[in-house]
Amino acid sequence: MSQLLEQLVVMKFGGTSVEDAVAINRTAGIVAGRRDKGLTPVVVVSAMSKVTDQLLAAAAAAARADRTGALAITARLRNRHLETAAALVADETMAELGAWIDAEFTSLDEVLRGLAAVGELTLRISDMIVSVGERLSSKIIAHAFAFRGLDAVHVDSRTCIITDNQHGKAIPLDAQIEARLKEHVLPHALAGRICVMGGFIGSTEAGVTTTLGRGGSDFTGALVGGGIDAGAIEIWTDVNGIMTTDPRICPNALRVKTISFEEAAELAYFGAKVLHPATILPAVKKNIPVLVLNSRNPENEGTRIISLAPHCESPFKSIAVKRRLTIIDVVASRMLMSHGYLKAIFEVFDKHKCPVDMVSTSEVSVSLTVDSNEKLPEIAADLSALADVKYEGQKALICMVGENIRGQNGIAARVFQAVRHVNVRMISQGASEINMSFMVEESEAEEAIRSLHNEFFANPDPEIFDIEALKESVR
Ligand code: ADP
Ligand code: ASP
Ligand code: MG
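Computed from a predicted model, the values in this text were never measured in an experiment.

Student: Just checking my understanding: could you explain the layout of surface pockets for this structure?
Tutor: Which parts of space are left empty comes out when a probe the size of a water molecule is rolled across the atoms. Computed from the structure, the second largest pocket encloses a volume of approximately 210 Å³. Lining the second largest pocket we find Gly29, Ile30, Gly33, Arg34, Lys37, Trp236, Leu293, Pro298, Glu299, Asn300 and Glu301. Here the element with the most residues in the lining of the second largest pocket is helix α2 (residues 21–36); it accounts for four residues. Its residues placed into classes, the lining of the second largest pocket shows four nonpolar, three polar and four charged.

Student: I keep staring at the pairing of strand β14 (residues 365–371) and nothing clicks. Help me out?
Tutor: It is a general feature of regular strands that their side chains alternate between the two faces of the sheet. With six of seven residues buried, β14 lies mostly within the body of the structure. By the bridge criterion, seven bridges tie strand β12 (residues 318–331) to β14 in an arrangement that is antiparallel. Within the sheet, the bridge partner assigned to Val330 lies in β14 and is Val366. Here four bridges tie strand β13 (residues 358–361) to β14, and the two strands are oriented antiparallel to one another. Bridge pairing in β14 links Ser360 to Ser367.

Student: Looking at this model, I keep getting lost on the site of ligand 2. Mind explaining?
Tutor: Residues in contact with ligand 2, as listed here, are Ser46, Thr52, Glu134, Phe200, Arg214, Gly215, Gly216 and Ser217. Between ligand 2 and the protein, one listed contact pairs an oxygen atom with a side-chain N or O atom of Ser46 at 2.9 Å. Separating a nitrogen atom of ligand 2 from a side-chain N or O atom of Glu134 is a distance of 2.6 Å. Bound to the protein, ligand 2 loses 85% of the 260 Å² it would expose on its own.

Student: What is the right way to read the pairing of strand β6 (residues 201–204) from this model?
Tutor: Burial of the side chains of β6 extends over both faces: Ile201 and Ser203 are buried on one face and Gly202 and Thr204 on the other. Strand direction decides the pairing type here: β6 and strand β7 (residues 209–211), joined by three bridges, are antiparallel. Opposite Ile201, over in β7, you have Thr211 as the bridge partner. Linking two consecutive strands that pair antiparallel, namely β6 and β7, is a turn of four residues; a positive phi of about 90° is found at Gly207 within it.

Student: Sorry if this is basic, but what is going on with the packing of helix α5 (residues 93–118) against helix α7 (residues 132–147) here?
Tutor: The description of two helices packed together rests on the angle between their axes and the distance between the axes. Where α5 contacts α7, the two axes come as close as 11 Å, and the packing angle between them is 180°. In terms of axis orientation, α5 runs roughly antiparallel to α7. In contact with Thr93, Leu97, Trp100, Ile101, Glu104, Phe105 and Leu108 of α5, α7 contributes Val132, Arg135, Leu136, Lys139, Ile140 and His143. A breakdown of the residues in the contact of α5 with α7 according to their chemical character gives eight nonpolar, two polar and three charged.

Student: What's the story with the site of ligand 1 in this structure? I'm lost.
Tutor: Residues in contact with ligand 1 amount to 19 residues; listed here are only the nearest, Thr237, Asp238, Met243, Asp246 and Arg248. Side-chain polar atom of Lys12 to an oxygen atom of ligand 1: 3.2 Å apart, as the coordinates give it. At 2.9 Å, a side-chain N or O of Arg248 approaches an oxygen atom of ligand 1. Within the complex, the protein chains bury 90% of what would otherwise be the 570 Å² of accessible surface of ligand 1. Tallied by class, residues from the shell around ligand 1 come to seven nonpolar, seven polar and five charged.

Student: Before we go on, may I ask you to explain the pattern of salt bridges in this structure?
Tutor: A side chain of one charge can pair with a side chain of the opposite charge if their charged atoms are brought near each other. Applying the stated rule across the entire model yields 26 salt bridges. Salt-bridge contacts for Asp174 lead to Lys285; the nearest nitrogen and oxygen are separated by 3.1 Å. Remark: Lys285 occurs in helix α12 (residues 280–285) and Asp174 occurs in helix α8 (residues 174–184); sequence separation between them is 111 residues. Notably, a salt bridge pairs Asp466 with Arg255, separated by 3.3 Å at the nearest N-O pair. Residue Asp466 is found in the loop between α16 (445–456) and α17 (468–474), and its partner Arg255 is found in the loop between β8 (232–237) and β9 (258–260); the two are separated by 211 residues along the sequence.

Student: How do you make sense of the sheet that holds β6 when you look at a structure like this?
Tutor: One key point about sheets: their strands pair by backbone hydrogen bonds, in either a parallel or an antiparallel sense. Judged by pairing direction, the sheet is mixed, and its three strands sit side by side in the order β4-β6-β7 without closing on themselves. This sheet does not close on itself; its edge strands, each paired only once, are β4 (162–163) and β7.

Student: Help me out: how do you make sense of unusual backbone geometry in this one?
Tutor: Trans is the common state for peptide bonds, and a negative phi is the common state for residues other than glycine. Of note, Ala65 is a non-glycine position whose phi angle comes to about 70°, a positive value. Of note in the backbone geometry, Lys353 takes a positive phi value of approximately 50° without being a glycine. By the element assignment, Lys353 lies in the loop between α13 (341–351) and β13. In this structure Lys353 comes out as exposed when scored by relative accessible area, which is 71%.

Cut-off values and rules
Residues numbered from 1 in each chain as written. Chains lettered and ligands numbered in written order. Predicted model: local features only at pLDDT ≥ 70, side-chain atom pairs only at ≥ 80, totals over all residues. Heavy atoms only, no water. 1 Å grid on protein atoms, 1.4 Å probe; cavity = no way out; pocket = protein on both sides within 12 Å on 5 of 7 lines; lining within 4 Å. Points joined across faces, edges and corners; volume = space filled by probe spheres on them. Helix = DSSP H or I, 4+ residues; strand = E, 2+ residues; numbered from the N terminus. Nonpolar A, V, L, I, M, F, W, Y, C, P; charged D, E, K, R; others polar. Buried < 20%, exposed > 50% of the residue type's maximum accessible area, 1.4 Å probe, protein only. Pairing = 2+ DSSP bridges. Near = heavy atom within 4 Å. Polar contact = N/O pair within 3.5 Å; in protein donor to acceptor, adjacent residues only side chain to side chain. Areas by Shrake-Rupley, 256 points an atom, 1.4 Å probe, with all protein chains shown as cover. Axes fitted to C-alpha atoms, helices over the stretch in contact; angles between N-to-C directions. Parallel < 35°, antiparallel > 145°, perpendicular 65-115°, else oblique. Contact = heavy atoms within 4.5 Å. Salt bridge = Lys/Arg side-chain N within 4 Å of Asp/Glu carboxyl O.

Given below as structure tokens:
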């Protein structure tokens, strides 16, 4: 049994890896490759690329009574899904699949019409609408795999990923998930069948559809991997792995070959979109290796996330950026740090369920950063009962992550020398001592990252970073 579990590999494919029939066929090829190696894949897929955004746009249009606008979006989505399915499944099962897709869109349109009439979009309804993306993609992909001769079976994730009822960002219930996976997934997998499940979606114990938050399919991948004790979790995306920074910002970013769970979690939390922040935990708990791989370049080794990273000569592994932040300054004329003062400030954030990213204090002021959000005026009003309050948006947090910051001298000096032309606000080094972060104007963030990248990745440690790409660009 334990050997069979070792052979289980959870393969999560993101939106770009299933964006159209060509990408889905490529995905089928990658899955078949794993099966041919004697592994048993359990596949978790995102919605086809941009579908989640479009479903949210349709919901928003309906909520402002723009029924025509909402239905125009779903008409385009219906065609895209029907065309993709028809390009992938060329046997008699297509009639049944096509009818199912049509029926899904017909009931989605009904919900949107109702929403346009009522005009109130709750998170519960939003989850119901947005879940359609993964429900469709997973079903189509299961059919496509079967058509290509893979022994594939579709499993509705809502039967397994049980969550609380915090719609929009529901919390998974580990014990229930494990039990459900044992019932609905393991028996198929142990019989050698390839389960295909939608990421991102779940349901409450009462059967109401929920979602795990944007980018949540990675999280599903890790929950499934943790729940079935898989031998590995693979996150297939559109870049070669975790890179030294977002390659869209720095085209000469390098692939990081190995990184620790802790470093990867820190990067994800601070905005490296390549992994959902909650992804690592279920894998850490069971010490399951996580790999980040490129579905457009499947031969590449990708990034291996393991519990203890090997020694690295460079202080940092990667630079992340979190955008759309607001700094809130709370300034009192009298002694701020008096007993209970910080508690009173944090109670305001707690009341509005607004997480705080970073805090810095001086004798009379406390500065905090939060994701820019529509509750800020109310939060500021509540805080103004305690002191003077100012808030300023369009800030970005740059976060440099690496286990080797510990104990190295002169790193901060190099960081701030590299960004000397940028106005730096709020500097922090987390207690974990594996990140160093600071706030800048959002408009200056990319330039600052490029300067930092030049400073810290000019002579990369070849044990940790893929320097082949660097050699090629020099050639
Ligand atoms: P998926 O649809 O596969 O989930 P995402 O778009 O969520 O893919 O994440 C992949 C993207 O993350 C990449 O295309 C890249 O632009 C971005 N990204 C941000 N930071 C990093 C980083 N440090 N390493 C690699 N990719 C990153
Ligand atoms: N489709 C969801 C999103 O776009 C979840 C995911 O792709 O991870 O946020
Ligand atoms: Mg993602």
